[in-house]
Protein chains: 2
Amino acid sequence: MKAEILTIGDEILIGQIVNTNSVWMAQELNAIGISVVHIASVSDQAEAIEKALDAASTRADIVFITGGLGPTKDDITKKVLAQYFNAPLVINEAVLADVTAFFTKRGREVGELNRMQALVPGRCEVIRNLNGTAPGMWLTKNGVSFISMPGVPYEMKAMMSDSILPRIKTHYQLPFIYHKTVLTQGIGESNLAGLIESWEDGLAAKQIKLAYLPQPGLVRLRLSTWGADEALLRANVDAAIEALLPLAEKYIYGYELYGQATPSLAQIIVGHLKDRKETVALAESCTGGYIASLFTSIAGVSEVFKGGVIPYTNTMKQRLLNVSATTLDTTGAVSKACVLEMAKNTLRCFDSDYALAISGIAGPGGGTDEKPVGTVWIAVASAHKELAMHFQFGDNRERNIQMSALTALNMLRKFILKHK
Amino acid sequence: MKAEILTIGDEILIGQIVNTNSVWMAQELNAIGISVVHIASVSDQAEAIEKALDAASTRADIVFITGGLGPTKDDITKKVLAQYFNAPLVINEAVLADVTAFFTKRGREVGELNRMQALVPGRCEVIRNLNGTAPGMWLTKNGVSFISMPGVPYEMKAMMSDSILPRIKTHYQLPFIYHKTVLTQGIGESNLAGLIESWEDGLAAKQIKLAYLPQPGLVRLRLSTWGADEALLRANVDAAIEALLPLAEKYIYGYELYGQATPSLAQIIVGHLKDRKETVALAESCTGGYIASLFTSIAGVSEVFKGGVIPYTNTMKQRLLNVSATTLDTTGAVSKACVLEMAKNTLRCFDSDYALAISGIAGPGGGTDEKPVGTVWIAVASAHKELAMHFQFGDNRERNIQMSALTALNMLRKFILKHK
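Chemist: Quick question: what am I supposed to make of the layout of surface pockets here?
Modeler: Any space left empty among the atoms is revealed by the rolling of a water-sized probe across them. By volume, the second largest pocket is sized at about 800 Å³. Lining the second largest pocket are 29 residues, with K2, S35 and V37 of chain A together with S43 and Q45 of chain B positioned closest to its centre. Among the secondary structure elements, those contributing two or more residues to the lining of the second largest pocket are β2 (35-42), α3 (46-59), β9 (176-185), β10 (209-215) and β11 (218-227) of chain A together with α1 (10-13) and α3 (46-59) of chain B. Here the residues of the lining of the second largest pocket are counted per class, giving 13 nonpolar, nine polar and seven charged.

Here it is, written out as structure tokens:
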């Protein structure tokens, strides 16, 4: 079954709000085996809405419409639907009761504008809205279902979860769609594609679709398949991932499981540290607190994260972390010797099981011929072992900070896993 | 002039990523007087892309396409464009040179897949991509312009800002639109609307349109007007803002000027510090490096930012910042006494002109009846003065970190400006 999502309202077209409703609906629909084939946003204008409804009906079996149901003059979705479906607006007593109850509960009078919310196209099936005043409407034309909902996210989500999705699952025979996403770091999209080409060529025969989803510093590989036998689909995808490991295991840091959020590298590390009852601390120069903020955005991180220092000057590297003047004078702050001293002293100062230290030239200034912008040294240390590596990233400050952070986190992750 | 934005790729249709590219493009296009009439997302399938191009050409004068330009097999945009515009793919030597330079600079070989990135439809005008390997392509059919760009946000944004928007402004006669945006912090959207209601009511008579652009912790007020006489438009908007000051000055931290990026609170502070040749250092507990990362994302910040500490445990507050055991035992880490000690010791340790310290309960755990989740103390100190304030935010960790950071930065900004 194919679906289209149609958002009505100027606020998306002028870039005032992000279309998070569509993301949520797309996730929910895919999860029950409905393919979203098209997402569109149009303005609050009758002609634009009518054309969009026409176009949607050529592509989809079911069209999810949000927005344009407010009581104010700029909201015209209901009027357009009444005309499009040739079903004049009539007062629906059940909706009127809901609207009245909504206001009574809040100790307010029902105004005329709000009473009009109970007007719906004559032929429509009403979907109750327990969180607001605009009802949902389910209409049909030439075998295509059109479901109109308010644009307020929590009203829409409640209507979808409580009424619409359960009804769709009951009424339609849906295929089962299964996705699993492999998370990689340390290799670019095209190099990864070259590395796994032969494996990728074999996926089609297994009815598995592969998508590369690059983000700055990461590439996610999404494997999708669909059919009737859920266990078989899962087994097929798991077998395909098993076959991928010999080619790319060193870049794989985790998996995104079906219907769950993508775990971040920091989340994966926090998980390992909690399992092992170990702790980490940071010394960040060029990433300037960014890695710390990735850790501290995670609820419950204080169990395993002891904190960090951001010694942004040479003086502060000496004062906070006892980096020796000799090191700074001879090899400089962006060097193997400096990050190793930073890591070892952080370990001592914070009394943590692991320390991560990073020093580099994020740019745009500060580069030299010998150490151009993008030069980064990263060290990881424990009481028993230490490791420092050199990286050469690009010339964009923001990207260099991000690449440095992800690379450092993946180094830390591997270091922890190798650690007895 | 009317524009359409078309996003190609399954990742939006399955709800894996939020379509932030469209929001950014819609903002940029509206800002130069181009109306976005339609936004669509389609899958990586030739037929869907071709139909979307057809439909777009009936609605828009210029179509902005992102996505599907990666080197991997699932990306087919370029092939479809070559066919749609009847312009077979040819190697473009300038692009090949860019791609080669991109890899050489990173010390990597150009693989065959990457060399293919230099293939473009014969008739297209190439838009250089200095941040990646997929070039932009500008094609024309029946008077409609189609501009295809990579979906990676920072590559697309750089191409739009550096090449495409300047070219559009030169080649087309666009109405003159003047925007000025007032940046506020410390008051929510609806309270702000109540506060400035009478002022807002008077804007229509001056042909000024007001938009509230709320972000977590901030509200931007965009004043827009258009016409032929640029000087008059500027004067009108400036007069309106002058009239706003008596009502809301205490919440205003800056302005976004026409055609410029929104300055962040951290950028505004860095500007003040550079002017005054002064420095700052941080002690972040509950914000955990987030404020430092806001500072260190700014190029050239090392002139004024000496660094920070993230003492995430009580022990580390004592060890790194000499917070007294008595304070921690009697008033706790989230207290006026603690943040004042943190700020004063940070000032001393970093030898900076200002220090900002913050301690709070971000949640979801750690709250008590006396100090519920969302309790935050912030202190600012200089050699001559110190100030601590208490705030009560909500129960969402991410929001609490963001609100704390913005509130702390605004406190620091006011403190610096009052400082002799």
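Chemist: Help me out: how do you make sense of the environment of A82 of chain B in this one?
Modeler: Tracing the chain through its elements places A82 of chain B in helix α4 (residues 77-84). Put simply, A82 of chain B and R123 of chain B are 41 residues apart on the chain and 8.9 Å apart in space, counted from C-alpha to C-alpha.

Chemist: Help me understand the sheet that holds strand β12 (residues 252-256) of chain A in this model?
Modeler: Strand pairing within a sheet occurs via backbone hydrogen bonds; the two strands may be parallel or antiparallel. Residues and elements named next belong to chain A. Spatially, β10-β11-β9-β12 is the arrangement adopted by the four strands of the open sheet, whose pairing is antiparallel. Unpaired on one side and paired on the other, β10 and β12 mark the two borders of the sheet. Averaged over all adjacent pairs, the angle separating strand axes in this sheet is 20°, with direction ignored. Along the sheet face, helix α10 (residues 230-248) touches β9, β11 and β12 and points at about 20° away from the line of β9.

Chemist: Is there a simple way to explain the pairing of strand β8 (residues 144-149) of chain B in this structure?
Modeler: Residue and element names in this part refer to chain B. Among the six residues of β8, six are classified as buried, and the element is accordingly described as predominantly covered. Of the pairings in the sheet, the one linking strand β3 (residues 62-66) to β8 comprises five bridges and is parallel in character. Looking across to β8, one finds that T66 is bridged to M149. With five bridges joining them, strand β7 (residues 136-141) and β8 adopt antiparallel strand pairing. Paired with W138 across the strands is I147, a residue of β8. Taken together, β7 and the strand that follows it, β8, pair antiparallel across an intervening segment of two residues, in which N142 is found at a positive phi of about 50°.

Chemist: Could you clarify how one ought to interpret the packing of helix α2 (residues 20-31) of chain A against helix α7 (residues 153-171) of chain A in this entry?
Modeler: Between two packed helices, both the angle of their axes relative to each other and the distance between the axes serve to describe the pair. Residue and element names in this part refer to chain A. In contact at an axis separation of 11 Å, α2 and α7 are set at 15° when each is read in the N-to-C sense. By the angle between their directions, the pair α2 and α7 is classed as roughly parallel. Pair α2 / α7 crosses with right-handed handedness. Facing N21, W24, M25, E28 and L29 of α2, the residues of α7 in contact are P153, M156, K157, M160, S161 and L165.

Chemist: What's the story with the side chain of D44 of chain A in this structure? I'm lost.
Modeler: Note on placement: D44 of chain A falls in the loop between β2 and α3. The buried charged residue D44 of chain A lacks any salt bridge, with K209 of chain B as its nearest oppositely charged partner at 10 Å. A distance of 3.4 Å separates a polar side-chain atom of D44 of chain A from the backbone nitrogen of D10 of chain A.

Rules used throughout
Residues numbered from 1 in each chain as written. Chains lettered and ligands numbered in written order. Predicted model: local features only at pLDDT ≥ 70, side-chain atom pairs only at ≥ 80, totals over all residues. Heavy atoms only, no water. 1 Å grid on protein atoms, 1.4 Å probe; cavity = no way out; pocket = protein on both sides within 12 Å on 5 of 7 lines; lining within 4 Å. Points joined across faces, edges and corners; volume = space filled by probe spheres on them. Helix = DSSP H or I, 4+ residues; strand = E, 2+ residues; numbered from the N terminus. Nonpolar A, V, L, I, M, F, W, Y, C, P; charged D, E, K, R; others polar. Pairing = 2+ DSSP bridges. Axes fitted to C-alpha atoms, helices over the stretch in contact; angles between N-to-C directions. Contact = heavy atoms within 4.5 Å. Buried < 20%, exposed > 50% of the residue type's maximum accessible area, 1.4 Å probe, protein only. Parallel < 35°, antiparallel > 145°, perpendicular 65-115°, else oblique. Left-handed = near helix turned anticlockwise from the far one by under 90°. Lys, Arg positive; Asp, Glu negative; His and termini not counted. Salt bridge = Lys/Arg side-chain N within 4 Å of Asp/Glu carboxyl O. Polar contact = N/O pair within 3.5 Å; in protein donor to acceptor, adjacent residues only side chain to side chain.

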